[in-house]
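# Survey of secondary and tertiary structure
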Amino acid sequence: MTTPLQVILAQPRGFCAGVVRAIDIVEKAIERYSAPVYVRHEIVHNRHVVDKLRRKGAVFVEDLTEIPPGAVTIFSAHGVARSVQEEARLRELPVLDATCPLVTKVHIQGRRYAKSGRTIVLIGHAGHVEVIGTMGQVDAPMHLVSTPEEVEALSIPVDTPIAYVTQTTLSVDDTRGVIMALHARFADVEGPDVSEICYATQNRQTAVRDLARVSDLLIVVGAANSSNSNRLREIGAEMGIPSYLVDDGDSVDPVWLDGVAAVGITAGASAPDELVDSVIAALRLLRPVRVSQLDGVEENVEFSLPAELRMPHATVAAAE
Ligand code: SF4
């Protein structure tokens with residue numbers, strides 16, 4: 001008899017509170033104000049989620065100019081620059097803001113540090129939509145770095161008071177080297193407690209490390225443009241096991257399973273559990289499987305919806 005393939009699920013994995021809230025906002029907006037509602041950028045970085053909402057009546061755009069006058073407009077979980085908020089205000093678009101409260105917290109930290117006269121360093125990845133939003137939320141020049149080498153290359157005098165803020169999808173472990181490099185190079189450095197930046201990023205990364213220790217192969221369910229999903233895959237590779245990022249079960253390659261006794265599966269913060277199920281189903285077609293879940297943190301974080309959606313019959317006001 002064929003020995004069953006051990007399928008071990010990470011705990012926690014998949015949706016975080018910011019993603020649940022963002023999807024809820026779009027669904028409730030459609031229920032309340034009728035389709036179409038317009039969402040600037042993918043509400044979260046997952047094609048399956050976006051397609052499902054599109055079928056319900058959400059229209060995804062990259063630019064506010066694509067939104068008709070007066071149409072309900074939703075900002076994605078990644079946040080937007082002030083220039084986008086200002087454009088919505090000038091166009092009097094009724095806006096529901098699905099920016100994750102933890103991203104908003106980073107914006108507030110950045111503004112506070114800038115106000116105190118510090119030069120701001122943003123630890124994050126160039127071009128990521130959250131980074132673009134954060135850089136556009138602080139009315140002061142920001143220096144973007146993602147590695148200790150980039151800290152070395154900063155053209156800032158060493159006696160300049162510095163403050164750092166970080167992209168939420170980087171964990172304590174990701175940022176540690178950069179923060180150490182900042183402290184090594186500059187005399188006066190301030191920054192937030194990075195363990196409090198995003199509980200979900202930290203928990204998923206801790207869980208995938210535990211998972212990699214007991215797996216021969218790691219499958220991360222998530223989109224190619226999902227920063228936190230890519231990071232989970234990288235951690236698996238750093239831990240020395242073959243690690244793959246897949247959209248869903250269709251992307252599983254049978255060759256990966258050669259000589260493998262235990263497959264670890266996790267999912268990025270924007271990947272629904274049904275996609276994890278589709279990966280398990282794909283594995284089941286190849287070998288008998290036995291599914292278990294590692295012990296891990298039980299998350300019970302919830303973010304409240306915008307007031308307009310909490311109150312019955314409220315209308316969305318034009319952006320102010
Ligand atoms: Fe918010 Fe963290 Fe989820 Fe990003 S990963 S949406 S910051 S809870």
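Residues numbered from 1 in each chain as written. Predicted model: local features only at pLDDT ≥ 70, side-chain atom pairs only at ≥ 80, totals over all residues. Heavy atoms only, no water.

## Quick look at the sheet that holds strand S11 (residues 243–246)
Quick reminder of the rule: We call two strands paired when DSSP finds no fewer than two bridges between them. Per the convention used, a helix needs a DSSP run of H or I reaching at least four residues, while a strand needs a run of E reaching at least two, with both numbered from the N terminus. Lines fitted to the C-alpha atoms define the axes, with helices restricted to the stretch that makes contact. Angles between their N-to-C directions range from 0 to 180 degrees. The contact criterion used throughout is that any non-hydrogen atoms of two residues lie within 4.5 Å.
One open sheet holds the five strands; their spatial order is S11-S10-S12-S1-S13, and the pairing between them is parallel. Sheet topology places S11 and strand S13 (289–293) at the edges, where each strand pairs with a single neighbour. Direction aside, neighbouring strands of the sheet carry axes that sit 25° apart on average. On top of the sheet, helix H10 (residues 273–286) reaches strand S1 (5–9), strand S10 (217–221), S11, strand S12 (262–267) and S13; it is set at about 160° to S12, its chief contact.

## Overview of the domain arrangement of the chain
Here is the rule: How far each domain reaches was decided by an automatic or database domain assignment. Summed over both partners, the accessible area lost on bringing two parts together, with a 1.4 Å probe, is the buried area. One side-chain nitrogen of Lys or Arg within 4 Å of one carboxyl oxygen of Asp or Glu is enough to make a salt bridge. Polar contact is the term for a pair of N or O atoms within 3.5 Å; when the atoms are in protein, one must be able to donate a hydrogen and the other to accept it, and sequence-neighboring residues count only if both atoms are side-chain atoms. Charged residues are taken to be Asp, Glu, Lys and Arg, nonpolar residues to be Ala, Val, Leu, Ile, Met, Phe, Trp, Tyr, Cys and Pro, and polar residues to be all remaining types, Gly included.
Looking at the assigned domains, one finds that the chain contains domain 1 (5–15 + 199–293), domain 2 (17–100 + 303–310) and domain 3 (102–195). On a C-alpha basis, the centroid separation for the pair domain 2 and domain 3 is 28 Å. Counting from both sides, the interface comprises twelve residues of domain 2 and, opposite them, 13 residues of domain 3. With both chains or domains summed, domain 2 and domain 3 bury close to 970 Å², and 56% of this area falls on carbon and sulfur atoms. Considering only the side of domain 2, the residues that lose the most area to domain 3 are His 78, Arg 82 and Cys 100, jointly responsible for 52% of the buried surface there. Summed over the shared surface of domain 2 and domain 3, the number is one salt bridge. Note that Arg 82 and Asp 139 form a salt bridge whose closest N and O atoms lie 2.9 Å from each other. Across the domain 2-domain 3 interface, the total number found is seven residue pairs in polar contact (both at pLDDT 80 or more). Along the lines of polarity and charge, the residues of the side of domain 2 that touches domain 3 split into five nonpolar, six polar and one charged.

## Brief notes about the packing of helix H1 (residues 17–33) against helix H2 (residues 47–56)
How we decide: Working definition: roughly parallel below 35 degrees, roughly antiparallel above 145 degrees, roughly perpendicular at 65 to 115 degrees, and oblique for all remaining angles.
Put simply, H1 and H2 touch, their axes get as near as 10 Å, and they point 10° apart. Here H2 runs roughly parallel to H1, going by the angle between their axes. Only Val 49, Leu 53 and Lys 56 of H2 make contact with H1, whose side of the interface consists of Ile 23, Val 26, Glu 27 and Ile 30.

## Digging into the site of the ligand
This is how it is decided: Here a residue counts as near a molecule or strand whenever at least one of its heavy atoms sits within 4 Å of it.
Taken together, Cys 16, Gly 18, Cys 100, Leu 102, Thr 168 and Cys 198 make up the full set of residues near the ligand. Broken down by class, the residue content of the shell around the ligand amounts to four nonpolar, two polar and no charged.

## Describing the packing of aromatic side chains
Operational definition: Stacked, tilted and edge-to-face pairs are distinguished by plane angle, under 30 degrees for stacked and over 60 for edge-to-face with tilted covering the rest, among Phe, Tyr and Trp rings (Trp via its six-membered ring) whose centres lie within 6.5 Å. Think of it in three bands: residues with accessible area under 20% of the maximum for their type are buried, residues over 50% are exposed, and the middle band is partly exposed, with areas taken using a 1.4 Å probe on protein chains only. Charge-over-ring contacts are defined here by two conditions on Lys NZ or Arg CZ: a distance within 6 Å of the ring centre and an angle within 35 degrees of the ring normal.
In the structure shown here, the tally under the stated rule is one aromatic pair. For the ring pair Tyr 244 and Trp 256, a centre distance of 3.9 Å and an interplane angle of 5° mean the geometry is stacked. Here Tyr 244 is found in strand S11, whereas its partner Trp 256 is found in the loop between S11 and S12, with twelve residues between them in sequence. For Tyr 244, a relative accessible area of 29% translates into the label partly exposed. Between the NZ or CZ atom of Arg 112 and the centre of the ring of Tyr 113, over which it lies, the distance is 5.2 Å.

## Notes on the side chain of Arg 204
Mapped onto the elements, Arg 204 comes out in helix H8 (residues 199–213). Under the relative-accessibility criterion, Arg 204 is labelled buried at 2%. Excluding its chain neighbours within four sequence positions, the residues that come into contact with Arg 204 are Pro 12, Arg 13, Gly 14, Phe 15, Cys 16, Leu 232, Ala 267, Ala 269 and Glu 299.

## Details of the pairing of S10
Cut-off, in case you're wondering: The crossover handedness rule: strands pointing away from the viewer, path from first strand over the helix to second strand clockwise, crossover right-handed.
Of all five residues making up S10, five are buried, and the element is well covered by its neighbours. Pairing geometry for S10 and S11, over four bridges, is parallel. Paired with Leu 218 across the two strands is Ser 243, which belongs to S11. Read from S10 through helix H9 (residues 227–238) to S11, the crossover connection turns out right-handed.

## Things to note about the sheet that holds strand S6 (residues 119–123)
Read across the sheet, four strands follow the order S7-S6-S8-S9 without closing on themselves; strand pairing throughout is parallel. Edge positions in the open sheet fall to strand S7 (142–145) and strand S9 (189–190), since each of these has one partner strand only. Where S6 lies against S7, four bridges are found, and the strand directions are parallel. Bridging across to S7, Ile 120 finds its partner in Met 142.

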